[in-house]
Amino acid sequence: MSSKKFLSTKKTAQQTISISPALKDWITRYVRVNHQKNQKDDRYKSVSAFYNYVMEKTLSLYKKGKTLDDIERIEDKKIKDFFDRFTFKATIPLYEMVIEDHKYSPFSFEFNTRFLLLYLDMFRREVKSHNFEDVDIFFERIRSRYAKTTVSKEMRLDLSLGNDREPARGILEFIGKYKNLHFENCKFFAAVFGILGVRITDFIYSPDDYYCRLELLETDLLFNREDLAKKERLKLIEENVEYIINYDRLLEEKDMYLWVKLADDNEVFLSFKNQTAFNKWIKTIEVQLQKFGKKEEFLEKILLFFNKLHWIGIENRKHLSFRIEQVIEETKEQKQYLINYLSKFSKISEMEGIYYLK
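Note that the structure is predicted; figures quoted are calculated from it, not measured.

Draft legend 1. Structural detail: helix α6 (residues 109–126). The largest bend in α6 is about 35°, located at phenylalanine 115. When we look at burial in α6, the residues that qualify are Phe109, Asn112, Phe115, Leu116, Tyr119, Leu120, Met122 and Phe123.

Below you can see the structure in the form of structure tokens.
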């Protein structure tokens, strides 16, 4: 058991330690910010007082059988309560597989409206206008949450304040543990910075090391307290996420990411190089419709297949009526594939450009 004399409150002895310049700057900034918040708190009246407080508390914890790791596992309550409303426990390998197909999908504001707006509201409550020390503390609280998760390794934000009213700049470095989750988190941070009013000016990404670096620039939206400026923030979200999922990156990836985007464009259609290729695909579709589908819905589902190829536009599913896209009308070979196949199962009639299956 420690003697009381070691915990004497009278501070006369000196102890010299060596620390990195970055840690020294971090401690100095932390003490200064907290002293400004509460000048009556003796813990932050000086760097020396803070060192003394930390060492006493640390030794007290060790004496009780606890470690600093125990402290790290305690999450900021406000941050925890905020994220708990939007998080759930999932099996990581399964989630990794599921989100892979959506890697280059845009970040949907409509789907995440409530989350992003609450994020903005929390930032406004916690950060005073044009106080970047508050920004540092806010980020540190967010970082401490990610440090406790099983999907990230490290995260760091470095801020550089501009001179003569120049906008502040920053660099976010983020290292993940899982390939697809890490990429989704990159998109997420890009969107969050957008809603807060911070522009991404560059994005460096290493898929092998699960590393990303976002270069950031303050905009007038960051400390805008007068109105939401929703349109401007939405535009910034879109521009930021574009840095993550642009075609320069996508074209180096699997073919499926490009095909997904092409499939959403009705001005694009898929064609088959030859009859053999067409037969292979239509047979696969046919066999599984017959195995898993309802017999009375077979033709309707076949029409859906051709609709997704952008060969036809369905007029009425129940009546099995459709129009053949003009480009297919003009591409005789592809049209013949379509007509010949449908004729195997139904009589085809046409009236004023609309085709019917009987």
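Draft legend 2. Representation of the nonpolar core. Counting residues in hydrophobic clusters, the biggest one holds 45 residues, and the most contacted among them are Leu172 and Leu214. The dominant element in this core, judged by the number of residues it contributes, is helix α8 (residues 179–196), at 10 residues. Here leucine 214 is in contact with Gly170, Ile171, Leu172, Phe189, Phe193, Ile200, Asp202, Phe203 and Ile244, once residues within four sequence places are set aside. Within the second largest apolar cluster, 24 residues are counted, among which are Ile282, Trp311, Leu338 and Tyr355.

Draft legend 3. Just a negative patch on the surface, in detail. Negative charge collects at one region of the surface, where Asp264, Asp265, Glu267 and Glu325 lie side by side. Tracing the backbone shows aspartate 265 in the loop between α11 (255–263) and α12 (275–292).

Draft legend 4. A look at the sheet that holds strand β6 (residues 321–324). A sheet is described by the order of its strands in space; here 4 strands give the open sequence β5-β6-β8-β7, paired in antiparallel fashion. The two strands at the open ends of the sheet, each matched to only one other strand, are β5 (312–316) and β7 (348–351). Recorded for the sheet is a direction-independent mean angle of 35° between the axes of neighbouring strands. Taken together, the 4 bridges between β5 and β6 define a ladder with antiparallel strand orientation. Paired with asparagine 316 across the two strands is serine 321, which belongs to β6. Of the strands in this sheet, β5, β6 and β8 (354–357) are in contact with helix α13 (residues 298–308), which crosses β5 at around 140°. On the sheet, helix α15 (residues 332–343) packs against β5, β6, β7 and β8 and is oriented at approximately 160° with respect to β6.

Draft legend 5. Broad picture of a positive patch on the surface. Together, Lys57, Lys63, Lys64 and Lys66 give the surface a local cluster of positive charge. If you trace the backbone, lysine 64 turns up in the loop between α2 (47–63) and α3 (68–72).

Draft legend 6. Summary view of the packing of α6 against α8. α8 packs onto α6 with a crossing angle of 60° between their chain directions and a minimal axis gap of 9 Å. Taken together, the axes of α6 and α8 are oblique relative to one another. For the pair α6 and α8, the sense of crossing is right-handed. Contact residues: Phe109, Phe115, Leu116, Leu117, Tyr119, Leu120 and Phe123 in α6; Phe188, Ala191, Val192, Ile195 and Leu196 in α8. A class-by-class count of the residues in the contact of α6 with α8 yields 12 nonpolar, no polar and no charged.

Draft legend 7. Structural context of the sheet that holds strand β4 (residues 211–218). Pairing within the open sheet is antiparallel, and its 4 strands lie in the order β1-β2-β4-β3. Only two strands of the sheet have a single neighbouring strand rather than two, namely β1 (152–160) and β3 (198–206). On average, each strand axis in the sheet is inclined to that of its neighbour by 15°, with strand direction left out of account. The pairing of strand β2 (residues 169–176) with β4 spans 7 bridges and is antiparallel. Its bridge partner lying in β4, leucine 172 is registered against leucine 214.

Draft legend 8. Region of interest: helix α5 (residues 92–100). Among the residues of α5, Ile92, Glu96 and Ile99 are the ones counted as buried. Buried residues of α5 fall within an arc of 80° about the axis and therefore sit on the same side. For α5, the exposed residues lying more than 90 degrees away from the buried face are Pro93 and Met97. Residues of α5 that are buried sit in contact with α8.

Rules and cut-offs
- Residues numbered from 1 in each chain as written.
- Predicted model: local features only at pLDDT ≥ 70, side-chain atom pairs only at ≥ 80, totals over all residues.
- Heavy atoms only, no water.
- Bend = angle between axes of the 7 residues up to and from the residue.
- Helix = DSSP H or I, 4+ residues; strand = E, 2+ residues; numbered from the N terminus.
- Buried < 20%, exposed > 50% of the residue type's maximum accessible area, 1.4 Å probe, protein only.
- Core = buried A, V, L, I, M, F, W, Y, C linked by side-chain atoms within 4.5 Å.
- Contact = heavy atoms within 4.5 Å.
- Patch = residues over 30% accessible without salt bridge, like charges linked within 9 Å, V, L, I, M, F, W, Y side chains within 5 Å.
- Areas by Shrake-Rupley, 256 points an atom, 1.4 Å probe, with all protein chains shown as cover.
- Salt bridge = Lys/Arg side-chain N within 4 Å of Asp/Glu carboxyl O.
- Lys, Arg positive; Asp, Glu negative; His and termini not counted.
- Charge placed at Lys NZ, Arg CZ, Asp CG, Glu CD.
- Pairing = 2+ DSSP bridges.
- Axes fitted to C-alpha atoms, helices over the stretch in contact; angles between N-to-C directions.
- Parallel < 35°, antiparallel > 145°, perpendicular 65-115°, else oblique.
- Left-handed = near helix turned anticlockwise from the far one by under 90°.
- Nonpolar A, V, L, I, M, F, W, Y, C, P; charged D, E, K, R; others polar.
- Arc of directions from axis to C-beta.

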